[in-house]
Amino acid sequence: MNRRTFLHSAAGLSLTGITRTGQGSPSKYRACVIGDSAGGGYGHDLHLMWGLHPAVEVVGLADPEPTGRERRAAEAGAKRTYADYRRMLTEEKPDLVSIGPRWTVKHLEYLLHCAEAGAHGLIEKPLCVDLTQADAMYEAVAGRGLKWSIAFNFRASPVVEHARRLIVEEGLIGEVLEVRSRGKEDHRAGGEDLIVMGAHTFDMMIHFLGPPRWCSASIQVGGRKALPSDVGEATEPLGPVVGDRLQATFGFSGGVNAYFSSMKNDDGNQGRWGIEIYGTRGVVTIRMTRVPKIFWLNEPSWAPGKEGTGWRPLPQAPVPRPGPSRVWHYTPIVADLIGAVEDNRRPRVSLEDGRASVEMTQAVFESHVQGGRPVPFPLERRDHPLKRWT
């Protein structure tokens, strides 16, 4: 299987929309990379993602830290490097940009400059610090007709798409009754886990259940109710956080509730990060790994110990085809983004999806600030609840 055939089969998308010039060779999309080796890095190697598409060439990489800049540029095959990303955008005039830093505090700044330059692109998750920023980002992109994706690679995975089709369209586990999820519960357990790992989890909830209607939450510090004086900064610049234990309930259509919890504990096992979807005929569990691990329990009582029952792979699940790049699992997102640009449509994993995830995160803080009472979606207040609380 050659590289083009792999890309086509992995993404399930046609590349025939690419314009051609000269001797019939594909015209190149000019791509740039924004990173910061001393300030959030490149997410999960997002500087390599453009190498997954044959019609994209990396013309520039910007990083204020010299050593990291040269190393990452060499890995990405960037033609030129810059200390200032704004200069890069002005001089290179890219069609596409990837915003790599994990730290969210500059995401709004990065994206506004990219939008002003007329570039499409992809941004690392979480999207931003709060809904005020998310709304500004959306308006900047939508107002110029630009297409932006977010690095929700789990939802874009073919095996997750297969799971959704079986559950939502074919009724594999019957009527969905509830969803349960947990964060990684590592050193970030609680509020920071909510922001970072909850971003993926909430996106998956929406993917399977649709948009939420309300949220009710409780946050604790050291076994007591969290107070305004407990609000602090995360271990990375992500905005304010609070709590080492939290529990949140989200209401969805049809009376289905979904639960998220992250609690500081001494176990050290991060493998519980993921979601379980419970139905009248069984359970599906999804664990967040590079290729999501999904298993199915075909048992209405949810009792795997019963004779003849047990966890098994999904029926007719697609087999992943790893590519030569260590970011091969981003292939569906990259191919879809190019398709969205060419077809003038919304990407399947979009900036709007990133905003929806931020809104669920912010709703957890908002509910706790309001004494745990349910808060409806969309949130009326768009500023950060913890900033207002303190």
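It should be noted that the structure appears before, not after, this text.
One numbering rule holds for all chains: residues counted from 1, following each sequence as written. It should be noted that, the model being predicted, local features are given only for residues of pLDDT at least 70 and side-chain atom pairs only at 80 or more, the latter also being counted only at that level, while totals for whole chains, interfaces and linings use all residues. Based on all heavy atoms of the structure, the side-chain values leave hydrogens and waters out of the count.

Re the pattern of salt bridges
We define a salt bridge as a side-chain nitrogen of Lys or Arg found within 4 Å of a carboxyl oxygen belonging to Asp or Glu. Enumeration according to the criterion identifies 32 salt bridges in this entry. Note that Asp353 is salt-bridged to Arg155, the shortest N-O span being 2.9 Å. Note that Asp353 is positioned in helix α11 (residues 351-369) and Arg155 in helix α6 (residues 153-156), a separation of 198 residues in sequence. You'll find Asp353 and Arg155 in the same group, each marked buried. A salt bridge links Asp383 to Arg381; the nearest nitrogen and oxygen atoms lie 3.2 Å apart. For Asp383, a relative accessible area of 25% corresponds to the partly exposed category. Any residue under 20% of the maximum accessible area for its type is buried, any over 50% is exposed, and the rest in between are partly exposed; the area is computed with a 1.4 Å probe on protein chains only. On the accessibility criterion, Arg381 (43% relative accessible area) is partly exposed. Because the salt bridges share partners, they merge into one network encompassing Asp45, Arg71, Arg72, Glu75 and Arg326. Helix and strand labels come from DSSP, where a helix needs a run of H or I of at least four residues and a strand needs a run of E of at least two; each type is numbered from the N terminus.

Quick notes on the pairing of strand β10 (residues 214-221)
Of the two faces of β10, the one holding Cys215, Ala217, Ile219 and Val221 is buried and the one holding Trp214, Ser216, Ser218 and Gln220 is not buried anywhere. Here the rule is simple: two strands pair whenever DSSP picks up at least two bridges between them. Alignment of β10 against strand β14 (residues 245-251), held across seven bridges, turns out to be antiparallel. What sits directly across from Ser216, in β14, is Thr249. Bridge count for β10 against strand β20 (residues 375-376) is two bridges, and the pairing is antiparallel. Residue pairing in the sheet places Cys215 in a bridge with Val375 of β20. Sheet topology places β10 next to strand β11 (residues 224-225); two bridges connect them, and they run antiparallel.

Brief notes about the sheet that holds strand β4 (residues 56-62)
The strands making up a sheet associate through hydrogen bonds between their backbones, and the pairing can be parallel or antiparallel. Strand order across the open sheet formed by six strands is β5-β4-β3-β6-β7-β8, with parallel pairing between neighbours. Looking along the sheet, the strands with just one partner apiece sit at the ends: β5 (80-82) and β8 (148-150). Shown here is a sheet whose adjacent strand axes are inclined to one another by a mean of 20 degrees, direction ignored. In terms of strand pairing, β4 meets β5 through three bridges, oriented parallel. In the strand pairing of β5, Leu61 is matched with Thr81. On the sheet, helix α2 (residues 66-76) packs against β4 and β5 and is oriented at approximately 180 degrees with respect to β4. To obtain an axis, a line is fitted to C-alpha atoms, over the contacting stretch when the element is a helix, and the angle between two such axes runs from 0 to 180 degrees between their N-to-C directions. Contact definition: two residues touch when any of their heavy atoms are within 4.5 Å.

Structural notes on unusual backbone geometry
Lys125 connects to Pro126 through a cis peptide bond whose omega is -10 degrees. Counting through the fold element by element, Pro126 comes out in the loop between β7 (120-123) and α5 (131-142). The residue after Phe377, namely Pro378, is reached through a cis peptide bond having omega -5 degrees. Position of Pro378 among the secondary structure elements: in the loop between β20 and α12 (385-389). Although it is not a glycine, Glu185 sits at a positive phi angle of roughly 55 degrees. Note that Glu185 resides in the loop between β9 (176-182) and α8 (191-196). The backbone of Asn344 sits at a positive phi, close to 55 degrees, despite the residue not being glycine. One can find Asn344 in the loop between α10 (331-343) and α11. For Asn344, a relative accessible area of 59% corresponds to the exposed category.

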